[in-house]
Amino acid sequence: MNTTEFGEKLSAYRQNANMTQEELALRTGVTPQAVSKWERGQSLPDISLLADLCRVLDVSADLLLDISCGICVESPELPSDTLFSFGDPVLLKQILKNLQNSMEPLLILFGEKIVPCFIDNSSYLEQLRAMRLHLSRFGYLVPVIRLRDEMTLDADEFMFVTRSRILHREHIPSPDEHTVDYIIGTFGRILKENYHYILSRDIIKALTDNLREKYPALIDGIIPEKISYGLLQDVFFRLLAQNKTSGESPCCFPACLPEVIEHTESILREQPHLQADEIAKIVSSRMAANNIWQVYLQHSGK
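Per-chain numbering applies: the sequence of each chain, read as written, is numbered from 1 onward. In keeping with the model being predicted, local features are shown solely for residues with a pLDDT of at least 70 and side-chain atom pairs are shown and tallied solely at 80 or more, while totals for entire chains, interfaces and linings include all residues. Only hydrogens and water are removed before side-chain values are computed, so all heavy atoms of the structure are retained for them.

Q: I tried to follow the sheet that holds strand β3 (residues 157-162) on my own but got confused; where do I start?
A: Two modes of strand pairing occur in sheets, parallel and antiparallel, and in both the strands are linked by backbone hydrogen bonds. Pairing within the open sheet is mixed, and its four strands lie in the order β2-β1-β3-β4. Edge positions in the open sheet fall to β2 (145-149) and β4 (165-171), since each of these has one partner strand only. Pairwise comparison of adjacent strand axes, ignoring direction, gives a mean angle of 15 degrees for this sheet. Bridging between strand β1 (residues 106-110) and β2 involves five bridges; their strand directions are parallel. When the bridges of β2 are listed, L109 appears paired with R148. Contacts are assigned to residue pairs with any non-hydrogen atoms lying within 4.5 Å of each other. Convention adopted: a line fitted to C-alpha atoms gives each axis, helices being fitted over their contacting stretch, and angles between N-to-C directions are expressed from 0 to 180 degrees. We count a stretch as a helix when DSSP gives it H or I for four or more residues in a row; a strand needs E for two or more, and each element gets its number in order from the N terminus. Helix α9 (residues 179-193) rests against β1, β2, β3 and β4 of the sheet, and its axis sits at about 30 degrees to β3. A pair of strands is considered paired only if DSSP assigns at least 2 bridges between the two.

Q: In this structure, what is going on with the side chain of T179? I would like to understand it.
A: You can see T179 is positioned in helix α9. Excluding its chain neighbours within four sequence positions, the residues that come into contact with T179 are I114, C117 and I172.

Q: For this particular structure, what's the right way to read the packing of helix α2 (residues 21-28) against helix α3 (residues 32-39)?
A: Each pair of packed helices can be summarised by the angle the axes make with each other and by the distance between the axes. Running from N to C, α2 and α3 cross one another at 115 degrees; their axes reach a closest spacing of 8 Å. One finds that α2 runs roughly perpendicular with respect to α3. In terms of crossing hand, the pair formed by α2 and α3 is right-handed. In this structure, α2 uses Q21, E22, L24 and A25 to contact α3, whose residues at the interface are P32, V35, S36 and E39. If an angle is under 35 degrees, it is roughly parallel; if it is over 145, roughly antiparallel; if it lies from 65 to 115, roughly perpendicular; otherwise it is oblique. Throughout, a crossing is termed right-handed when the near helix is turned clockwise from the far one, and left-handed when it is turned anticlockwise from it by less than a right angle.

Shown next, in the form of structure tokens:
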């Protein structure tokens, strides 16, 4: 493999990990300029860095270096001497893809009587796109949504699922031309009400990476160095859940994330050993109850 091919592979695996050049540099102890040179094919990393690159990018060395012995390609996470061994790299790739798809973050499932409604109304794709765009105004980053028929459901039933948790299920006794509109509209409402269950570390990372572009001082050196993705997810989960159950949390929308980060960082400077539930209580008490998001709540009738 030449330097150009290596650079292209490194860039692809970095982007697949949703990681910037700066973050990869930080995690491997090199400069962003070094990573940039590698990806542009101007130089190669020292061999001593290979293990760290593979660990950070979650990829095996043979894939990163495009080395194949022509015998068998194994998943680096699975033992080579078990029934998980595969002699066909194409089959292995498809199996691993199926495993990923089986754990999709958001699913809309429906029974056989509802299937024709989606076949006859292709506008649902544009409706989902418009819904995701609208919700982004309030800080909701909606992950990929998968729609599929599910024969284990009643024929007139539909269901919303996130990571095996059923968020909503309902029957439509007489599906018609308005059924798709109703399901998508209901999905948007349920998504907002249950976003704390949808929230994941990957979403937290994507949100904070996006904030870094406009507000670097808010994120650089703070996320994930001082506040881990997991801790921020736990704090945010509690604030959003509190708003749903009691309506008392001023953190009404995910758009409150910048303020949550500022308060969390300040709290940890004063009391670094506090747990997520304790941090969430303090953050909630510090945030203004009469913020702009309350106006949106009143306007939307929530």
